Amino acid sequence: MTVWWQKAVVYQVYPRSFQDSNGDGIGDLQGVLQHIDYIKKLGADVVWLNPVYRSPNDDNGYDISDYQQIQPDFGTLADLRAVIDACHQNGLRLMMDLVVNHTSDEHDWFVASRTSREDPFHDFYIWREGRNGNPPTNWRSEFGGSVWQYDPQVDQYYLHMFTKKQPDLNWRNPKVRQKVFDMMDWWCQQGIDGFRMDVINLISKPEPLTDDPHLTQDARTSSLGYVANGPHAHEYLQAMNQQVLRRYPLMTVGETPDVTPDDAIKYAGFDRGELQMVFQFEHMQLENDPVVGKWTTNRASLPALKAALSRWQTALDGKAWNSLYWNNHDQPRVVSRFGNDLAEYRELSAKMLANTLHMMQGTPYIYQGEEIGMTNVAFADIRNYRDVEIKNTYRELVEETKTLTPAQMKAAIEYRGRDNARTPMQWRDAPNAGFTTGTPWLGVNPNYPQINVDAALMDPNSIFYFYQRLIQLRKDYPIITDGHYALLDPDDEAVFMYTRTLGDQQLLMVSNFTDQTLQRPVAARLGTQPEGLISNYPAADVDTLRPYETRTYLSTVVG
Ligand code: GLC
Ligand code: CA
């Protein structure tokens, strides 16, 4: 039995970079409202909005100081209600980001928490004594440095898995859980349709808090993996489900770094009463280096990428539901990462990647700009980047520890940095790509005269219409939702080929990941009466794959 969110396609809006309506250079909710029809035209069913809550903006809204207020940069609660209504009038649902592993240090709870050890809110956060003048454990933050920050007022350290302005909540405290559940319930009452839950598998920490044994002397990677999936994570999520989630027709997806398929089946198994989906990261970390983590220019091999995605397709089938994504606000642009963003191949390879992902089992997520093939950006001056992760890591890896040279770090930022995804949406060939009449908070990618929504909508062959067609195919062919997945030729370094089968039907998806023309026995893999559902080239010889060519066929299999 498929349910609505298994048939849905999600469009992710990063409001800060989507559309500025008042010329202050920051995208806002009125800006989102201006483009609901665009999202509708694409064919998506759900809008996921990155955080718009009150925030000092240390980590672009992932540091929340008031869960029930809107950040003034984005507008008001009335504006959000207008977005919810507009979505509903257009048959779209709205999913909010939920950031409850941590708050801002400017949240009232934390402000009270740090006043004294006796304060009733002290135990809302994770405070520990130091060890002989050193932090309580060796854990490293996701954004560099220790996860512990000393506070002289209470003479203790507080835990922050991200920046020191993002103290982690103490989920062991039942009062914390109750406050969070009440707040979620309030949002459900406002008419929202779902939650994307930020780093939700971090809410339960290891017990007791002891050193991370995986951290070697010179590792500059984080302790996220060690801290994730703590002993009470499932208990907390089941309580959340009982008290809030199950009472509304919601869509829920947990962001869960460092999970295996087995872990994911615990968080999102059909019979678990926790979440509906998780975002796993295996295919997003293939290039990582043991010492510097993501700050490298390593490229993933195609067999590794195929293995990562296929493992999830197979392991979750019938047990839990995959989320399918290439991009989000934390990842570089996929056409620059796994495709080819040179003018000659950008459109072909963006379509190839789209078809490769959208024919898999799961719920696809499209990140703003992906549907027009937006690319990574390279700012000449390091000071033009805004991301706190880039800034903090640059300071640590280049300036303090000299682990990387400035040139190495610059190349790594241009390849993997989060600001690649956060440059303003490219609407038109007009100043600032039509994003703002003011000065954009982050520079616009200079390629906007060529790559923009206007141009895409005018070209019937554009990436946009290819995505629109993929979404429509998913609605028309149940096999795309339900079919069982099988990878073909796992070791082929140039071609990704897989089938989906349902009853006597078979889908065959084939993608050439290179700029070469290749021969592969495709025809031999097809059943009878093959019908081409989608391709990025005019039909020609079935066994010849032109540069970045991609196709999906439907055929009948007997036996
Ligand atoms: C998640 C968010 C990311 C944020 C981090 C801390 O990974 O997607 O943008 O920086 O959590 O909240
Ligand atoms: Ca604005």
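Criteria and thresholds
Residues numbered from 1 in each chain as written. Chains lettered and ligands numbered in written order. Predicted model: local features only at pLDDT ≥ 70, side-chain atom pairs only at ≥ 80, totals over all residues. Heavy atoms only, no water. Near = heavy atom within 4 Å. Polar contact = N/O pair within 3.5 Å; in protein donor to acceptor, adjacent residues only side chain to side chain. Areas by Shrake-Rupley, 256 points an atom, 1.4 Å probe, with all protein chains shown as cover. 1 Å grid on protein atoms, 1.4 Å probe; cavity = no way out; pocket = protein on both sides within 12 Å on 5 of 7 lines; lining within 4 Å. Sits in = over half its atoms within 2 Å of the grid points. Nonpolar A, V, L, I, M, F, W, Y, C, P; charged D, E, K, R; others polar. Points joined across faces, edges and corners; volume = space filled by probe spheres on them. Helix = DSSP H or I, 4+ residues; strand = E, 2+ residues; numbered from the N terminus. Core = buried A, V, L, I, M, F, W, Y, C linked by side-chain atoms within 4.5 Å. Buried < 20%, exposed > 50% of the residue type's maximum accessible area, 1.4 Å probe, protein only. Contact = heavy atoms within 4.5 Å. Salt bridge = Lys/Arg side-chain N within 4 Å of Asp/Glu carboxyl O.

Enquirer: Even after reading the chapter, I still don't get the site of ligand 1, so can you show me in this structure?
Expert: Lining the immediate surroundings of ligand 1 are 14 residues, of which Asp59, Asp198, Glu255, His329 and Asp330 lie closest. One of the side-chain N or O atoms of Glu255 is found 2.8 Å from an oxygen atom in ligand 1. Contact with the protein chains covers 96% of the free accessible surface of ligand 1, which is 310 Å². Using a 2 Å cut-off from the grid points, one finds that ligand 1 occupies the largest pocket. Looking at side-chain class alone, the shell around ligand 1 contains 4 nonpolar, 3 polar and 7 charged residues.

Enquirer: Can you help me understand empty space enclosed by the protein in this one?
Expert: Any empty space left between the atoms is revealed when a probe the size of a water molecule rolls over them. For the structure shown, the criterion picks out 3 cavities of 30 Å³ or more. Reported here for the largest cavity is a volume of approximately 60 Å³. Along the walls of the largest cavity sit Gln280, His283, Leu309, Trp312, Gln313, Asn322, Ser323, Leu324, Tyr325 and Leu357, which together make up its complete lining. For the lining of the largest cavity, the secondary-structure elements that each account for two or more residues are α10 (302-316) and β12 (321-324). Here the lining of the largest cavity is built from residues that sort into 5 nonpolar, 5 polar and no charged. Computed from the structure, the second largest cavity encloses a volume of approximately 50 Å³. When the residues that make up the lining of the second largest cavity are grouped by side-chain class, the tally is 5 nonpolar, 2 polar and 2 charged.

Enquirer: What exactly am I supposed to notice about the nonpolar core here?
Expert: For soluble globular proteins, nonpolar side chains are generally found buried alongside one another. Counting 151 residues, the largest nonpolar core has Tyr11, Met184, Phe195 and Tyr365 as the members making the most contacts within it. Not counting chain neighbours up to four residues away, the residues in contact with Met184 comprise Leu98, Phe195, Met197, Met240, Val244 and Leu245. In this structure, Leu159, Met161, Leu202 and Val388 belong to the second largest nonpolar core, which totals 16 residues.

Enquirer: Looking at this model, I keep getting lost on the pattern of salt bridges. Mind explaining?
Expert: Working definition: two side chains of opposite charge can pair if their charged atoms are close together. Inspection of every chain in the model, using the stated rule, returns 32 salt bridges. One salt bridge in this structure joins Arg418 and Asp59, with 3.0 Å as the shortest N-O distance. Linking Arg418 in the loop between α14 (406-416) and α15 (419-422) with Asp59 in the loop between β3 (53-54) and β4 (66-70), this pair joins segments that are 359 residues apart in sequence. Here Arg418 and Asp59 have matching classes, each one buried. With its nearest N and O atoms 2.7 Å apart, the salt bridge here joins Glu106 to Lys165.

Enquirer: Before we go on, may I ask you to explain the side chain of Asn452 in this structure?
Expert: Inspection of the secondary structure assignment puts Asn452 in the loop between α15 and α16 (453-458). Looking at Asn452, its side chain comes within polar contact range of the main-chain oxygen of Pro449, at 3.3 Å. Apart from residues no more than four positions distant in its own chain, Asn452 is found in contact with Ile372, Gln426, Trp427, Arg428 and Asp429.

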